[in-house]
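# Survey of secondary and tertiary structure
Listed below, chain by chain, are the residues.
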Amino acid sequence: MSDPGEFVDAALQLEATWQRAIDEEARIGTDLQFYGASVGAVRGTIRDVAQRYPGLGHDEITALSSELWNPPVFERRLAAIVLLQTHVRLLDNSDLTRLEGFLRDARTPALADPLIREVISPLVEALDAPGRARANMALARWSTDSNPWLRHAALQVSQPE
């Protein structure tokens, strides 16, 4: 695991409580694991990453998001979303493939909805015309996919005529 990945994982586990983990698992109802860290702790940890590891570029941000997403731990995946949201200006239409993979494995609206609302929508809205045209092709494909989160994303992300 990378230094930033280890930092995020350790911070989230330090901020966790077993009671919050039990409560969140019951509330969200998925087969993901839960550390029991609060949303505030997740956001604070990602702020700390920016201070501790300044100058992370596109490749480092996207690699870290995949590293955080990889184990099926709710708080790590939420951290990946917050990381991408914080750096959405660095993303481009080529990142939709990675985001598609995240959506396919979201397992819960508690992850899929913020990924769509806070990462995918602003990413697509900020694209230039050629990038937007390529993104619209992906969104059109998503709209007929068997995965419900991809279909939901295709409906939620605006597609201008």
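Look a little higher up for the structure.
To keep things clear, this report deals only with the structure shown in the data block. (Residues numbered from 1 in each chain as written. Predicted model: local features only at pLDDT ≥ 70, side-chain atom pairs only at ≥ 80, totals over all residues. Heavy atoms only, no water.)

### Quick notes on the overall build of the chain
Quick note on the threshold: Elements are defined by DSSP. Helices are runs of H or I of four residues or more, strands are runs of E of two residues or more, and each kind is numbered from the N terminus. Within these notes, the globule rule equals 2.2 Å times the number of residues to the 0.38 power, and the radius of gyration is based on C-alpha atoms. In what follows, a contact means two residues having at least one pair of non-hydrogen atoms within 4.5 Å. Under the convention used here, a 1.4 Å probe and the Shrake-Rupley method define accessible areas, while residue burial counts only the protein chains that appear. His is not counted here, nor are the chain ends, while Lys and Arg score as positive and Asp and Glu score as negative. The atom standing in for a charge is NZ when the residue is Lys, CZ when it is Arg, CG when it is Asp and CD when it is Glu.
Helix and strand counts for the chain stand at 9 helices and 0 strands. Reading the chain from its N end, one meets helices and strands in the order α-α-α-α-α-α-α-α-α. Taken over C-alpha atoms, the radius of gyration comes to 16 Å for the chain, in line with the 15 Å a tight globule of 161 residues would show. For the C-alpha atoms alone, the extent of the chain along its principal axes is close to 50 × 35 × 20 Å. Sequence-distant contacts in the chain: of pairs separated by 6 or more residues, those separated by 24 or more amount to 69%. In the form shown here, the chain has an accessible surface area of approximately 8,000 Å², with 51% of it arising from carbon and sulfur atoms. Taken together, the 16 basic and 23 acidic charged side chains of the chain have centroids lying 3 Å from each other.

### A look at the packing of helix α7 (residues 109-126) against helix α8 (residues 129-142)
Threshold: Axis geometry follows a simple rule: fit a line to the C-alpha atoms, using only the stretch in contact for helices, then measure angles between N-to-C directions, giving values from 0 to 180 degrees. For this classification, under 35 degrees means roughly parallel, over 145 means roughly antiparallel, 65 to 115 means roughly perpendicular, and everything else is oblique.
Running from amino to carboxyl end, α7 crosses α8 at an angle of 140°, the nearest separation of the two axes being 9 Å. Relative to α8, the element α7 is oriented oblique. Side by side, α7 and α8 meet where Ile120, Val124 and Glu125 of the first sit next to Arg132, Ala135, Leu139 and Trp142 of the second.

### Regarding the packing of helix α1 (residues 3-14) against helix α4 (residues 58-69)
We count it as follows: Note on convention: the crossing is left-handed when the near helix lies turned anticlockwise from the far helix by less than a right angle, right-handed when the turn is clockwise. The nonpolar class holds Ala, Val, Leu, Ile, Met, Phe, Trp, Tyr, Cys and Pro. Asp, Glu, Lys and Arg form the charged class, and all remaining residues, Gly among them, are polar.
Relative orientation of the contacting elements α1 and α4 amounts to 45°, with a least axis distance of 10 Å. Here α1 is positioned oblique relative to α4, judged by the angle of their axes. Regarding α1 and α4, the two cross each other, and that crossing is right-handed. Judged by residue contacts, Pro4, Gly5 and Val8 of α1 engage Leu64, Glu67 and Leu68 from α4. Of the residues belonging to the contact of α1 with α4, the class tally is 4 nonpolar, 1 polar and 1 charged.

### What to know about the side chain of Ser121
Mapped onto the elements, Ser121 comes out in helix α7. Leave out the neighbours within four places in its chain, and Ser121 touches Ile116, Gln156 and Val157.

### Some thoughts on the side chain of Thr45
With respect to the helices and strands, Thr45 occurs in helix α3 (residues 39-52). Those residues within four positions of Thr45 in sequence are excluded, and the remaining contacts are Phe7, Val8, Ala11 and Leu12.

### Structural notes on helix α9 (residues 148-156)
In an α-helix, one turn spans 3.6 residues, which is why side chains three or four residues apart end up on the same side. This is how it is decided: Here's how the labels work: a residue is buried when its accessible area is under 20% of the maximum for its type, exposed when over 50%, partly exposed in between, all with a 1.4 Å probe on protein chains only. Here, the arc refers to the directions that run from the helix axis to the C-beta atoms. Residues adjacent in sequence count toward polar contacts only when both atoms are side-chain atoms; beyond that, a polar contact is any pair of N or O atoms within 3.5 Å, and within protein one must be able to donate a hydrogen and the other to accept it.
Looking at α9, one finds that the buried residues are Trp149, Leu150, Ala153 and Ala154. Looking straight down α9, one finds that the buried residues subtend no more than 140° of arc, so they occupy a single side. Where α9 is buried, its residues touch α6 (96-104), α7 and α8. The N-cap residue of α9 is Asn147: its side-chain oxygen and the backbone nitrogen of Trp149 are 2.8 Å apart.

### Here's the deal with the environment of Ser143
Here Ser143 lies in the loop between α8 and α9. A relative accessible area of 37% places Ser143 in the partly exposed class. For the pair Ser143 and Leu155, spaced 12 residues apart in the sequence, the C-alpha separation amounts to 7.1 Å. Ignoring sequence-local partners within four residues, the contact set of Ser143 consists of Arg151 and Ala154.

### Describing the environment of Leu32
Here Leu32 is to be found in the loop between α2 (18-28) and α3. On the accessibility criterion, Leu32 (2% relative accessible area) is buried. Apart from residues no more than four positions distant in its own chain, Leu32 is found in contact with Pro72, Val73, Phe74, Arg77, Ala106, Arg107, Thr108 and Leu111.

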